[in-house]
Amino acid sequence: MKRPSVGTENMPIVIKTKIPGPKSLALMKERQAAVARGPFHVTPLFIAKAQGAIIEDVDGNRFVDFAAGIGVVNVGHCHASVASAIQDQTTKFLHAGFNVTPYESYIRLCEKLNTAFTRLNPVPAKSFLANSGAEAVENAVKIARMATGRQAIICFDHAFHGRTYMAMTLTSKSKPYKYGFAPLNPEVYRAPFPYVYRWPTPNVADECFHAFLNVAQAQLAPTQIAAVIFEPVLGEGGFIPMLPEFLKKVRAFCDEHKIVLIADEIQTGFGRTGAMFASEQLGVAPDLLITAKSLGGGLPISAITGRAEIMDAPLEGGIGGTFGGNPLACAAALAVFEVIERDDLLSKAKALATALQDRLALWKAKYDLIGDVRGLGPMQGIEFVKSRKTKEPNPDAAKAIVRYAYEHGVICMTSGTHSNVIRFLMPLVISHDELNEGLDVLENALKNS
Ligand SMILES: Cc1ncc(COP(=O)(O)O)c(C=O)c1O
């Protein structure tokens, strides 16, 4: 199979034109005329091809990728096994509709997901496949409501769960995600997230749980609550890891009141945090697990996996969809599972975590702009502040660093409620040289800030 060759020079980064180059500039002009304003861009660079952790733009410039298409290509861009599984499937059928003429790969993928779930929660498991993260979130809520006969959903401050109506309602930040789109969905309640860096006292877990109980027991009665949904590490919310001691209390509360605990591992899954799923590292077993992004190795697919009796609650036909579990995406996802195991991606993720954390710790000691460095495994974020004393968010610094980075050959992106966090989401297969060259660019950006 012909595979895209990305770059021939020895160095990972090659900048040949002013950034953005002329072809990217021309395409951006055409984009502005033809495409709605809504979709945002992290960079003004149009991609031509990509391989591993390297992206080449239409002007022939080569970048180290620290964004992975927002955490989608954990196995690397155009992984040979994923690409060949897709190509093989193209010779058979492109679409059938699991609701019309079912196919084996859908079942095999659900089995893989069930086995992975059972490692978190040793109970019989079943899965259902959809197309996007947001669609999976919607379905997880439907399933939890059907299984419990209850309506209320508790979510957290700084959460991001997607852009469809329920997913958007569960999302915390107003602008740009919810602003102007009201009315939002009813029966969604929000509790504080244990944001250690900005919590006013050291007693975060207890105080946060107290606030959770205020929502779950005072604003609501527990018998009204269908589900609690959480991200093990806030993604769009600023790469803030969940506190295990807080989550364990939430788990016990859910057990006591037969509430479905939903882990949204759309961004944290498939090795991103150094384990298959971050819930494992937190020591908490969810009842439902939502996955998307890196599940498909670059193809759009998502899944809800969970306790069989909960997953079986909806009536036949109550969940489904034309494209959910598309055969090309199933083939790609099965290859992703194989690659993670065969190439020992979790060990690679752990080694990446060590290298990244060591470097970020040095930066924190050196640069006052950095208020906090945190994360889980290689899923690390840097929070920028105007002053370490006041902790006033510094989104301009984060934005300037992202810009300097892409102008000098590194693609990275911000996150956080105040857009003042730079997050690291590089493909887990990134080489030592690529990582270091990319980090050198970011350090130069820090020196210039
Ligand atoms: C934690 C989390 N949940 C849900 C979503 C929504 O996924 P999608 O963009 O595929 O709808 C995202 C996307 O960034 C996410 O990070």
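Conventions adopted
Residues numbered from 1 in each chain as written. Predicted model: local features only at pLDDT ≥ 70, side-chain atom pairs only at ≥ 80, totals over all residues. Heavy atoms only, no water. Core = buried A, V, L, I, M, F, W, Y, C linked by side-chain atoms within 4.5 Å. Buried < 20%, exposed > 50% of the residue type's maximum accessible area, 1.4 Å probe, protein only. Helix = DSSP H or I, 4+ residues; strand = E, 2+ residues; numbered from the N terminus. Contact = heavy atoms within 4.5 Å. Salt bridge = Lys/Arg side-chain N within 4 Å of Asp/Glu carboxyl O. Pairing = 2+ DSSP bridges. Axes fitted to C-alpha atoms, helices over the stretch in contact; angles between N-to-C directions. Near = heavy atom within 4 Å. Polar contact = N/O pair within 3.5 Å; in protein donor to acceptor, adjacent residues only side chain to side chain. Areas by Shrake-Rupley, 256 points an atom, 1.4 Å probe, with all protein chains shown as cover. Nonpolar A, V, L, I, M, F, W, Y, C, P; charged D, E, K, R; others polar. Right-handed = clockwise from strand over helix to strand, strands pointing away. Expected span 1.5 Å × (residues − 1). Parallel < 35°, antiparallel > 145°, perpendicular 65-115°, else oblique. Left-handed = near helix turned anticlockwise from the far one by under 90°. Lys, Arg positive; Asp, Glu negative; His and termini not counted.

Colleague: Teacher, can you tell me more about the nonpolar core here?
Modeller: For soluble globular proteins, the rule of thumb is that nonpolar side chains tend to be buried together. Within the largest apolar cluster, 140 residues are counted, with the highest numbers of intra-cluster contacts made by Phe66, Phe212, Phe246, Trp363, Phe384 and Phe424. Looking at which element gives the most residues to this core, the answer is helix 11 (residues 327-342), with 11 residues. With sequence-adjacent residues up to four places away left out, phenylalanine 246 is seen in contact with Phe156, Pro192, Pro194, Ala205, Cys208, Phe209 and Phe212. Grouped together as the second largest cluster of nonpolar side chains are six residues, Phe239, Ala278, Leu376 and Leu425 included.

Colleague: Before we go on, may I ask you to explain the pattern of salt bridges in this structure?
Modeller: Pairs can form between side chains of opposite charge once their charged atoms are near each other. Applying the stated criterion to the full structure yields 21 salt bridges. Note that aspartate 255 is salt-bridged to arginine 251, the shortest N-O span being 2.8 Å. Placement of the pair is aspartate 255 and arginine 251 together in helix 8 (residues 244-257), with a separation of four residues, close to one helical turn. Classification of arginine 251 by relative accessible area gives buried; the value is 11%. Glutamate 392 is paired through a salt bridge with lysine 386; the nearest N and O atoms lie 3.4 Å apart. Under the relative-accessibility criterion, glutamate 392 is labelled partly exposed at 40%.

Colleague: Can you help me understand the sheet that holds strand 1 (residues 47-51) in this one?
Modeller: Remark on secondary structure: sheet strands pair via backbone hydrogen bonds, oriented parallel or antiparallel. If you walk across this open sheet you meet the four strands as 1-2-3-13, and the pairing is mixed. Strand pairing shows two members of the sheet lacking a second neighbour, strand 1 and strand 13 (410-411), which therefore form its edges. Bridge count for strand 3 (residues 62-65) against strand 13 is two bridges, and the pairing is parallel. Paired with valine 64 across the two strands is valine 410, which belongs to strand 13.

Colleague: Whenever I open this one, the sheet that holds strand 10 (residues 302-307) confuses me. Can you help?
Modeller: Taken in spatial order, the seven strands make up an open sheet running 4-10-9-8-7-5-6, and their pairing is mixed. This sheet does not close on itself; its edge strands, each paired only once, are strand 4 (125-130) and strand 6 (188-191). Within this sheet the neighbouring strands show an average axis-to-axis angle of 20°, counted without direction. In the sheet, strand 4 pairs with strand 10 via six bridges, with the strands oriented antiparallel. The partner of lysine 126 across the bridge, within strand 10, is glycine 306. Along the sheet, helix 7 (residues 204-219) makes contact with strand 5 (152-156), strand 6 and strand 7 (225-230), crossing strand 6 at roughly 145°.

Colleague: How do you make sense of the site of the ligand when you look at a structure like this?
Modeller: Taken together, Ser132, Gly133, Ala134, Phe160, His161, Gly162, Glu231, Glu236, Asp264, Ile266, Gln267 and Lys293 make up the full set of residues adjacent to the ligand. Measuring from an oxygen atom of the ligand, one finds a side-chain N or O atom of glutamine 267 at 2.8 Å. Contact with the protein chains removes 83% of the 390 Å² of surface that the ligand exposes when unbound. Residues of the shell around the ligand, tallied by class, amount to three nonpolar, five polar and four charged.

Colleague: Would you explain the pairing of strand 7 in this entry?
Modeller: For a regular strand, side-chain orientation follows a simple rule: the groups alternate between the two sheet faces. Within strand 7, six of the six residues are buried, which leaves it mostly tucked inside the rest of the structure. Note: strand 5 against strand 7, three bridges, orientation parallel. Across the sheet, residue alanine 152 finds its bridge partner in strand 7, namely isoleucine 225. Both strand 7 and strand 8 (residues 260-264) contribute to a ladder of four bridges, which runs parallel. In the sheet register, isoleucine 229 faces strand 8, and the bridge partner there is isoleucine 262. Taken together, strand 7, helix 8 and strand 8 constitute a β-α-β crossover, and its handedness is right-handed.

Colleague: Even after reading the chapter, I still don't get helix 14 (residues 432-448), so can you show me in this structure?
Modeller: Because an α-helix completes one turn every 3.6 residues, residues spaced three or four positions apart along the sequence face the same direction. The end-to-end C-alpha separation of helix 14 is 24 Å, in line with the 24 Å expected for 17 residues at 1.5 Å each. Of the residues making up helix 14, those classed as buried are Glu434, Leu435, Glu437, Gly438, Leu439, Val441, Leu442, Glu443, Ala445 and Leu446.

Colleague: Explain the packing of helix 3 (residues 80-90) against helix 11 here, please?
Modeller: When two helices pack together, their arrangement is given by the angle between the helix axes and the distance between those axes. Helix 11 packs onto helix 3 with a crossing angle of 150° between their chain directions and a minimal axis gap of 8 Å. The orientation of helix 3 with respect to helix 11, classified from their angle, is roughly antiparallel. In this structure, helix 3 meets helix 11 at a crossing whose hand is right-handed. The residues of helix 11 that touch helix 3, namely those facing Ser81, Val82, Ala85, Ile86, Gln89 and Thr90, are Pro327, Leu328, Ala331, Ala332, Ala335, Val336, Val339 and Arg342.

Colleague: Mind showing me how you'd approach the side chain of glutamate 437 here?
Modeller: When you line up the elements, glutamate 437 lands in helix 14. The charged side chain of glutamate 437 is buried without a salt bridge, its nearest counter-charge being arginine 62 at 7.4 Å. Among residues more than four places away in sequence, those in contact with glutamate 437 are Met11, Pro12 and Ile13.

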